[in-house]
Amino acid sequence: MKLGVIGTGPIGTSLARTFSAGGHEVQVANSRGPETVDALVLEFGARAVTAQDAVRDKDVIILSVPFVRIPDLAILFASVPAETVVIDTSNYFPQLGGPVDAVEGGQVESLWVAEQLGRPVVKAWNAALAGTLQTRGVPAGSPGRIALPVAADTDDARHLGMRLVDESGFDPYDAGMLADSWRQQPMTPAYCTELTLEELRSALAAADRSQAPQDRDRQMSRFATLTTMPTLDETVELNRSLHR
């Protein structure tokens, strides 16, 4: 499969490495040019290219850029064919990128992303920490395998997203339509809490749309008071503690 990855932060890097190691043809781009892509990203055969090349003739394009930068990519995607599946991994944190009025008014994050790009998207990998993606993917059937939700407005796009989540080492969960993807936004019970498939199903059902933004802001304030960077396990535990 031909994959393009836009963004070489921790999530984009992890996915580029995973899929190139798995035999896919992966091209990677960032905002600074192909010569600035770290060798770690390219270790298993991914190629550094321009953003224009990263979206050309691809089966899937994975967006791993800050949420507020999504509108900057609209021109880039104007020529991408409708059949190309675009996967959005971003999350909205107004403390980091500033407020977005539509989302503050209640628009679902990935519906806003789709609106900015002028095309449908799949929501996947947003509900996992970078450290989880880097270190905790295991083969299908492994006991306690972590599950991740995938939402999209067509069955074909959702199933392709689920296939790739499975290949990345996690049990994919069909989270339904994009309008329901608020259930996997920060800081819902499903968000970055490392749940199994059955646990994830219950967590998505328990999500409270009105409470999630309050929990998100409360958690961001909580993290800001920490004097040392929490470990992956400590971060997961802090996220889980919001829902007890």
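**Section: the overall build of the chain**
When you go through the chain residue by residue, the secondary structure sums to 11 helices and eight strands. By its C-alpha atoms, the chain is 45 × 40 × 40 Å across when sized along the principal axes. Per-residue burial over the chain gives 51% buried out of 244 residues. Here the contacts in the chain between residues at least 6 apart in sequence split such that 68% fall between residues at least 24 apart. When the accessible area of the chain is evaluated, it comes to approximately 11,100 Å², of which 52% is carbon and sulfur surface. Across the chain, 21 positive and 31 negative side-chain charges occur, with their mean positions spaced 2 Å apart.

**Overview of the environment of glycine 144**
Here glycine 144 shows up in the loop between helix 7 (130-135) and strand 7 (147-150). Residue classification places glycine 144 among the exposed positions, given a relative accessible area of 56%. C-alpha of glycine 144 to C-alpha of aspartate 171: the two residues are 27 residues apart in sequence and 9.8 Å apart in space.

**Comments concerning helix 9 (residues 197-206)**
Listing the buried residues of helix 9 in full gives Leu200, Ala203 and Leu204. For helix 9, the angular spread of buried residues about the axis comes to 95°, placing them on one side. Exposed side chains of helix 9 directed beyond 90 degrees from the buried face belong to Glu198, Ala205 and Ala206. Residues of helix 9 that are buried sit in contact with strand 7 and strand 8 (171-174).

**Brief notes about the sheet that holds strand 3 (residues 47-48)**
If you walk across this open sheet you meet the six strands as 3-2-1-4-5-6, and the pairing is parallel. The strands lining the two open edges of the sheet, one partner per strand, are strand 3 and strand 6 (122-123). Bridge count for strand 2 (residues 25-29) against strand 3 is two bridges, and the pairing is parallel. Bridged to valine 28 within strand 3 is alanine 48. Along the sheet, helix 1 (residues 10-21) makes contact with strand 1 (2-6), strand 2 and strand 4 (60-63), crossing strand 2 at roughly 160°.

About the cut-offs
Residues numbered from 1 in each chain as written. Predicted model: local features only at pLDDT ≥ 70, side-chain atom pairs only at ≥ 80, totals over all residues. Heavy atoms only, no water. Helix = DSSP H or I, 4+ residues; strand = E, 2+ residues; numbered from the N terminus. Buried < 20%, exposed > 50% of the residue type's maximum accessible area, 1.4 Å probe, protein only. Contact = heavy atoms within 4.5 Å. Areas by Shrake-Rupley, 256 points an atom, 1.4 Å probe, with all protein chains shown as cover. Lys, Arg positive; Asp, Glu negative; His and termini not counted. Charge placed at Lys NZ, Arg CZ, Asp CG, Glu CD. Arc of directions from axis to C-beta. Pairing = 2+ DSSP bridges. Axes fitted to C-alpha atoms, helices over the stretch in contact; angles between N-to-C directions.

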